[in-house]
Structure formats: C-alpha cells, structure tokens
Amino acid sequence: MILQQQKVLITGGSGALGRGVTPLILASGATVTVPYIVEAEADLLFKQLDPQGQERLTCVPCDLLDETSVAQMIQDMGRVDAVIHLVGGFAWCRIDEMAYADWQKQFDLNLHTAFLVCKYALKVMRQQGYGRIVTVGTRAATQPGGHLGAYAAAKAGVLALTGAIADENKGLDVTANSVLPAVIDTPQNRKDMGDQDAHRWVKPESLGQVILFLASPAARDLRGAQIPVYGNF
C-alpha cells in the first residue's frame with residue numbers, strides 16, 4: 001500500500017491504458033481522481049473495480065485543454081500528491097501529407113494538456129512541499145521514425161517539459177519523470193496493427209508497475225529520468 005492516504009490525479013485514467021494503470025494505483029491505497037470527456041469510458045472503469053476501489057475513485061468531467069476547467073479540478077482536489085499524465089493521441093502520417101490542423105491536434109493532446117495539468121498541480125505541490133509527476137513519452141520521442149513526425153515531436157516536447165519541471169524543483173520533495181513505452185498492447189493497437197506481434201508489446205499493467213513506483217515516495221531520488229519500457233522489442 002505504498003500510496004496509502006495519497007491523492008492522485010490520473011489523466012486518461014479511463015482510457016485503454018488507464019484501465020490497466022488506474023486499478024493498480026487504487027490497489028496501492030491511493031484516492032484517485034480521473035477526469036473524463038467520454039462518460040461511457042468512466043462508467044466502464046468504475047464497473048471493473050472492486051467495491052474498495054470504487055469508494056476511492058472520483059471521475060469528473062473536465063476538458064484538459066480548458067485552463068479554467070483544469071484549475072478548478074485541481075483546486076477541488078485540495079491536496080495533490082501525484083499526477084500521472086496518461087492523456088495523449090497518436091497519428092500516423094507522412095509529414096508532406098499531414099494537415100496543419102492534425103499537426104496542431106497532436107500538440108494539443110500530448111503536450112498542451114500536460115502543460116496545463118502540471119502547471120496547476122505544481123502550484124499545489126510546491127505549497128505542500130511534496131509531489132510526484134509522471135508523464136508518458138514514447139520510444140519514438142528519442143528514436144523518431146517515418147510517419148511518426150507529429151507524434152514524436154509532441155512527445156519530445158513532453159519529455160522536455162518534464163525535464164524542466166524536474167530541474168525547477170530541485171531542493172524540494174517534488175519530482176518529475178517520464179516513461180517511454182514502445183507499442184502498448186491495447187485493443188485499438190491490435191485492431192490497427194494486427195495481433196501477430198502483440199505478445200512482444202508492453203502490457204498496460206506492466207507499464208503501470210513502473211508508473212506506480214515513480215508516483216510513490218520511494219522515487220524521491222529520481223528526477224528527470226526517461227525510463228524505457230519497450231517490452232520484448
């Protein structure tokens with residue numbers, strides 16, 4: 001129960017990755033807030049939990065690209081011991097064929113949401129003298145490949161943001177670190193990519209164990225780390 005009595009914000013906590021990570025965080029004793037856009041996803045997450053998990057989960061409607069909504073959500077939490085930022089989006093497109101609007105969307109989903117959530121969580125964490133921020137990058141952020149330009153660039157921005165936060169909070173018990181997964185074994189990825197290599201992909205629950213440690217008090221000496229979680233690739 002390494003997060004017992006801790007209050008944790010998990011963005012994207014009701015999505016495909018979140019439904020693997022959020023139950024682990026709840027099982028560790030945390031009280032969890034999950035913002036959502038799609039109510040059906042929040043309902044699905046709630047139903048998969050045991051009664052104890054349900055009691056410690058709060059799902060709130062929130063547009064993470066609306067600064068006022070983000071600020072209000074974090075204010076309503078009161079204390080924020082950890083932020084686990086899972087929200088993101090993926091696009092597969094060659095640069096010369098990509099619409100500018102789609103390029104912007106990648107930065108909105110991956111980077112701008114991270115900025116707003118971290119900005120307001122850090123105000124609370126610095127005041128209380130404690131906090132953990134965990135962001136999700138990608139292997140492509142450090143090893144970009146074709147058709148991944150927008151996604152890789154946006155996630156590289158997430159890594160830079162996380163590193164800056166880590167540096168700005170030296171001397172405090174406030175840390176920021178990133179995980180860099182390769183392909184995550186989600187239903188959507190199996191649909192898009194086929195499942196012939198799925199046994200080599202990263203399971204959400206496996207990635208969740210790494211995230212759990214980084215979100216815990218035990219990770220106080222890790223700052224600005226970019227931890228590769230590549231599965232069997």
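Structure: see above.
Read on for a plain summary of the structure. (Residues numbered from 1 in each chain as written. Predicted model: local features only at pLDDT ≥ 70, side-chain atom pairs only at ≥ 80, totals over all residues. Heavy atoms only, no water.)

### A short note on the overall build of the chain
Inference 1: Regarding its fold elements, the chain presents nine helices and seven strands.
Inference 2: For 233 residues, the compact-globule formula gives about 17 Å, and the C-alpha radius of gyration of the chain, at 17 Å, lands near that figure.
Inference 3: With the C-alpha coordinates of the chain rotated into their principal frame, the extents come out at 45 × 40 × 35 Å.
Inference 4: In the chain, which comprises 233 residues, the share counted as buried stands at 49%.
Inference 5: Of the roughly 11000 Å² of accessible surface on the chain, 52% is carried by carbon and sulfur atoms.
Inference 6: Of the charged side chains in the chain, 20 are positive and 23 negative; the average position of the first set lies 6 Å away from that of the second. (Helix = DSSP H or I, 4+ residues; strand = E, 2+ residues; numbered from the N terminus. Rg over C-alpha atoms; globule rule 2.2 N^0.38 Å. Buried < 20%, exposed > 50% of the residue type's maximum accessible area, 1.4 Å probe, protein only. Areas by Shrake-Rupley, 256 points an atom, 1.4 Å probe, with all protein chains shown as cover. Lys, Arg positive; Asp, Glu negative; His and termini not counted. Charge placed at Lys NZ, Arg CZ, Asp CG, Glu CD.)

### Remarks on the environment of Ser206
Inference 1: Along the chain, Ser206 falls in helix α9 (residues 204-214).
Inference 2: Put simply, Ser206 and Ala153 are 53 residues apart on the chain and 25 Å apart in space, counted from C-alpha to C-alpha.

### With respect to the sheet that holds strand β2 (residues 31-36)
Inference 1: Taken in spatial order, the seven strands line up as β3-β2-β1-β4-β5-β6-β7 in an open sheet, and their pairing is parallel. The open sheet terminates on both sides in strands that have one partner only, identified here as β3 (57-61) and β7 (226-229). Adjacent strand axes in the sheet meet at a mean angle of 20°, parallel and antiparallel pairs treated alike.
Inference 2: The pairing of strand β5 (residues 130-136) with strand β6 (residues 173-181) spans seven bridges and is classified as parallel. Bridging across to β6, Arg132 finds its partner in Thr175. (Pairing = 2+ DSSP bridges. Axes fitted to C-alpha atoms, helices over the stretch in contact; angles between N-to-C directions.)

### Notes on the layout of surface pockets
To find leftover empty space, a probe the size of one water molecule is rolled over the atoms.
Inference 1: Here the largest pocket is characterised by a volume of approximately 1400 Å³.
Inference 2: Together, 45 residues line the largest pocket, and Leu86, Gly88, Gly89, Phe90 and Tyr151 are the ones closest to its centre.
Inference 3: Examining the composition of the lining of the largest pocket, we find that four residues originate from one element, helix α8 (residues 187-193), more than from any other. (1 Å grid on protein atoms, 1.4 Å probe; cavity = no way out; pocket = protein on both sides within 12 Å on 5 of 7 lines; lining within 4 Å. Points joined across faces, edges and corners; volume = space filled by probe spheres on them.)

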